[in-house]
Each structure stands twice: as structure tokens, then as C-alpha cells.
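Descriptive analysis of the structure
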Amino acid sequence: MEGKGGTLPYRYAINGGSLTTNNNFKNLVAGQYSIRVMDANGCIVDYSTTVNEPNKLISNIISQTPDDCFPSGSGSLSVSVVGGTGTNCFP
């Protein structure tokens, strides 16, 4: 979404909700959204946008070497991971 012009302050709404000065919409799930922007003069611009799910997280074991004798710690494991998102998934 790119826009120019208008008179500050702007107000925003998502999916027909109430207009607010907050332009940050959080915790959205995948789907289609309509965004309305209104300036101080009452001029309105409507946008449509889609939030997509990230690619499915896939991991594969590339190589593994068993430990020679517990507890020597000489084993190893290499994993390849693609997809998902770059943020930490753990609380």
C-alpha cells in the first residue's frame, strides 16, 4: 500500500471497523482485508490487501553420526530447515 497527500491527522479502519488514529493492526490471520484511510478533511481512500500464511516449516536430517560411547559426546546431527517465519516460536 502506498499513498500520498491528504491532510494530517489520518484515521484508519480495518474491515469496516471504527476509525482510529492507530495504523498498526496486530494478530491478523491469513485472509483478505479492507483498509480505510480518512484524512482531516474527510477524504477517504480504501485499500484491499491479503495477508498470506508463511510457507510450511520443513526440516530434514542431512547427516548423523552416532555417539561412540556414552557420555563422550562425540555424536553429531546436521539439519536443514526451510519455510516458517524468522521469529522465535517459543514463549
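This report concerns the structure included in the present document.

For the rest of this paragraph, the subject is a nonpolar patch on the surface. A cluster of nonpolar side chains, namely Leu57, Ile61, Leu77, Val79 and Val81, defines an oily patch on the protein surface of about 490 Å² accessible area. In terms of residue count, strand β5 (residues 76-82) provides more of the nonpolar patch than any other element does, three residues in total. Tracing the sequence through the fold places leucine 57 in the loop between β3 (44-51) and β4 (58-65).

Attention now moves to the pairing of β3. For strand β2 (residues 31-38) and β3, the ladder comprises eight bridges, and the chain directions are antiparallel. Counted as the bridge partner of tyrosine 33 is threonine 49 from β3. In textbook terms, the turn of a hairpin is the stretch between consecutive antiparallel strands, and for β2 and β3 this stretch comprises five residues, one of which, glycine 42, has a positive phi near 85°.

Reading the values: the criteria
Residues numbered from 1 in each chain as written. Predicted model: local features only at pLDDT ≥ 70, side-chain atom pairs only at ≥ 80, totals over all residues. Heavy atoms only, no water. Patch = residues over 30% accessible without salt bridge, like charges linked within 9 Å, V, L, I, M, F, W, Y side chains within 5 Å. Areas by Shrake-Rupley, 256 points an atom, 1.4 Å probe, with all protein chains shown as cover. Salt bridge = Lys/Arg side-chain N within 4 Å of Asp/Glu carboxyl O. Helix = DSSP H or I, 4+ residues; strand = E, 2+ residues; numbered from the N terminus. Pairing = 2+ DSSP bridges.

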